[in-house]
Amino acid sequence: MKRTMLMMVGVLLLAGLCADAADLTLWYRQAASNWTEALPLGNGRLGAMVFGGTESERIQLNEGTLWAGGPYDPSSSEALEALPEARRLIFEGKYKEAHGLIGKKMMARPLKQMPYEPVGDLKLNFPGHGTMSEYRRELDLDTAIAGVSYTVGGVKFSREVFSSPVDQVLVVHLTADKPGQINFTAAMATPQKATVTTEGSDTLVMRGQNGDAQGIAGALKFQARARVQTRGGQITATNGSISISAADSATILIAAATSYKSFNDVSGDPETLAKKYIAQASGRSFDKMRCDHVTEHQRLFRRVSLDLGETDSAKLPTDQRIAKFAEGNDPQLAALYFQFGRYLLISCSRPGGQPATLQGLWNESMTPPWDCKYTININTEMNYWPAEPTNLGECTEPLIQMVRELSETGSRTAKINWGAGGWVCHHNTDLWRATAPIDGPTWGFWPMGGAWLCKHLWDRYDFGGDKKYLAKVYPVMKGAAQFFLDTLVEEPKHKWLVTCPSLSPENTHPGGASVCAGPTMDMEIIRDLFNHCIQASEILDTDKEFRAKVVATRDRLAPLQIGSEGQLQEWLDDWDMTAHEIHHRHVSHLYALFPGDQITPHTPELFAAAKKSLETRGDNGTGWSLAWKINLWAHLLDGDHAYKMLTMLLHPGPTLPNMFDSCPPFQIDGNFGGPSGITEMLLQRQAGEIQLLPALPSAWPTGKVTGLRARGNFTVDIEWKNGKVTNYRITSPDPHEVKVRINGEVRTITSEKL
Ligand code: FUC
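Residues numbered from 1 in each chain as written. Predicted model: local features only at pLDDT ≥ 70, side-chain atom pairs only at ≥ 80, totals over all residues. Heavy atoms only, no water.

Asks: Got a minute to help me understand helix H5 (residues 286–301) in this structure?
Replies: For an α-helix the count is 3.6 residues per turn, leaving residues at separations of three or four pointing the same way. Helix length check: H5, at 16 residues, gives a terminal C-alpha distance of 22 Å against a target of 22 Å (1.5 Å per residue), a fit within 8%. Of all 16 residues making up H5, twelve are buried, and the element is well covered by its neighbours. Buried within H5 are the following residues: Phe286, Met289, Arg290, Cys291, Asp292, His293, Val294, Glu296, His297, Gln298, Leu300 and Phe301. (Helix = DSSP H or I, 4+ residues; strand = E, 2+ residues; numbered from the N terminus. Expected span 1.5 Å × (residues − 1). Buried < 20%, exposed > 50% of the residue type's maximum accessible area, 1.4 Å probe, protein only.)

Written out as structure tokens, the structure is:
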């Protein structure tokens, strides 16, 4: 009796731990007919897109280290020789000539980087399931489980799929509500150079080699394994596929691994790894794996809740809700979109893995758009904007690790291409941490990508307050600063210190090129980098001499300037109104408003100038551009305009049926920039002040958010009614005084102990 009671308590506890929250589900009445309708799963390394077909299911697989090519060094030995001439041409206003010279002599060899590649597909074939009823396909963000259910001939079939960060396998579980009904075949397919064989009666094995690209030979081996376990029935292997008949239920465990160990070591053994993952998972029950997976996901996911109210629209399938969002009657969809961004970050960027690419962890193509890599003149940074504020700080660890590695490869590019110390990374990078300028001068000759990424190193400290961590990343920040101490040059007119050559991402100025000297964004990023190095060296009590040099150099940087139309100038010269594309998607010079904080209401003239620039750019843009503008309008404290931008983003076109963001095509940055914008509408910390509801739109008069993070190691809960804060709680591990702006009034409060 006692034992039964204990077991019941155990079951209840387990059920409690693994409880589902119904309102955080994406769901559909039909299977995905193309990839951007399929639903994404990931454990930070092993990604899957689940299509949910009934007669044939496709589960497309990715592994975070399966990229084309191998270790390579694209630095060009001719670059340095051309540098003085390129600078001379730019300072003489001969921009087209400078462009020509840079294109000929100063770009990387090869001129492009390596693409991220797919593993392939797991294909399941269910004979006779083409005609069915009561179909539902879903992704539960709270459990990180994709589900499919339907009825054939009076039997209800259900499928659950998840990518477990605990067991390091993708798990597919197939059940029916009557015994002996599970019949299917499993096979694997891939666009890679690979073979698929069977091992024993229950295992599929794909052995492959990654692709070559840009003349760089593929240096990686990879392996994917799928093992089928059943309750009842039979399993047989034939001609590279596995057949299951008359089982009560089946579980498929899928593992994948490559020989990648680091950007300069490809000596791993994918077979040993994949076999190990399968062997370990085979000894665990499905229920245990499911529960451990859910518990680990919820450890991160449940740190933040957001309630913006709910209407009947929340009962509709997700694709229909996206189509109707702009009508304004579905505030819960904004909360779902916010949590989808957090879900994606947890799924594609966990400690030990690779950072989120242009498509996160998910790509089906051998030649994906922009190589599905790291575009660090906006897109990669945007991927990580919501990480700290939405309480997922550890998800930035893959990015921080990548920046550490870039500081190694980038020191070679600094030396070879620029004759400088420290390190540099231009506008793109890849798995191999290539840092030299690529693609062509219009886009690639921008030595600022690494410096911008350093802001994320600082932000991790600024939010979390961990000095030991700061001591570890400080040398990386210092190396980035050193590069600019060595390469900034005096521009002839004002004698300000500027970058040269550089560009304002990817905008062509009236000189007929993008290359120029000292674009505003460069100055803003360098000022941030220098300030963060100065603060870090003070906190760590180190490097006095270096600090003094940084302070002196910072004070000579070209200042922010207001142009003839009252706008914040994008360049040293007042070119904004005659630029090639006045509505250009990049709003680079507004970095100082967001993600930076050099422009705030405390700098009223610049604040007004930034607003003028944003108005001139207009509201339209690519998915990520719309997302950036949500954040910018939130920092201009205009909640209704920020909300208008959100309705433009959360709309068919920029938002695909599976809620993925589209540039077009699919690019995940907007999925992170959008939720970041929602956060900035609800909470900001500027000039030392925590601001509650700084840009609340009239569309969300009532709501509640818990678990957001503010700089200074604060966690913040806010409740509001009729647009006014009615309740709030600010906690920190070490209670101390902080200024809080609430309903237009500034109070000094003491935070509660966490
Ligand atoms: C930048 C943008 C493009 C696109 C690409 C991946 O170059 O200008 O719009 O987002 O990155």
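Asks: In this structure, what is going on with empty space enclosed by the protein? I would like to understand it.
Replies: It is a probe the size of a water molecule, rolled over the atoms, that shows where empty space is left. In total, this model carries seven cavities of 30 Å³ or more according to the counting rule given. Its volume calculated, the largest cavity comes out at about 90 Å³. In terms of lining residues, the largest cavity is bounded by 14 residues, among which Asp576, Ile582, His589, Thr616 and Arg617 are the most central. Taken together, the residues of the lining of the largest cavity sort by class into five nonpolar, five polar and four charged. By volume, the second largest cavity is sized at about 60 Å³. Around the second largest cavity, the lining residues are Phe126, His129, Val148, Tyr150, Phe157, Ser158, Arg159, Leu174, Thr175 and Ile182. Per element, the largest residue contribution to the lining of the second largest cavity is three residues, and it comes from strand S8 (residues 155–163). (1 Å grid on protein atoms, 1.4 Å probe; cavity = no way out; pocket = protein on both sides within 12 Å on 5 of 7 lines; lining within 4 Å. Points joined across faces, edges and corners; volume = space filled by probe spheres on them. Nonpolar A, V, L, I, M, F, W, Y, C, P; charged D, E, K, R; others polar.)

Asks: Explain the packing of helix H9 (residues 397–418) against helix H12 (residues 467–487) to me, please; I cannot follow it from the model alone.
Replies: Two quantities define a packed helix pair, namely the angle between the helix axes and the distance between the axes. Two elements in contact, H9 and H12, have axes separated by 11 Å at closest approach and are oriented at 25°. The orientation of H9 with respect to H12, classified from their angle, is roughly parallel. Classified by chirality, the crossing of H12 by H9 is left-handed. Within the contact between the two elements, H9 uses Ile400, Val403, Arg404, Ser407, Ala414 and Trp418 and H12 uses Tyr469, Lys472, Val473, Val476, Phe483 and Thr487. Across the contact of H9 with H12, the residue classes tally to eight nonpolar, two polar and two charged. (Axes fitted to C-alpha atoms, helices over the stretch in contact; angles between N-to-C directions. Parallel < 35°, antiparallel > 145°, perpendicular 65-115°, else oblique. Left-handed = near helix turned anticlockwise from the far one by under 90°. Contact = heavy atoms within 4.5 Å.)

Asks: Help me out: how do you make sense of helix H7 (residues 331–348) in this one?
Replies: Under the 1.5 Å per step criterion, the end-to-end length of H7 is 26 Å for 18 residues, consistent within 8% with the ideal 26 Å. Most of H7 sits inside the fold, with 18 of its 18 residues counted as buried.

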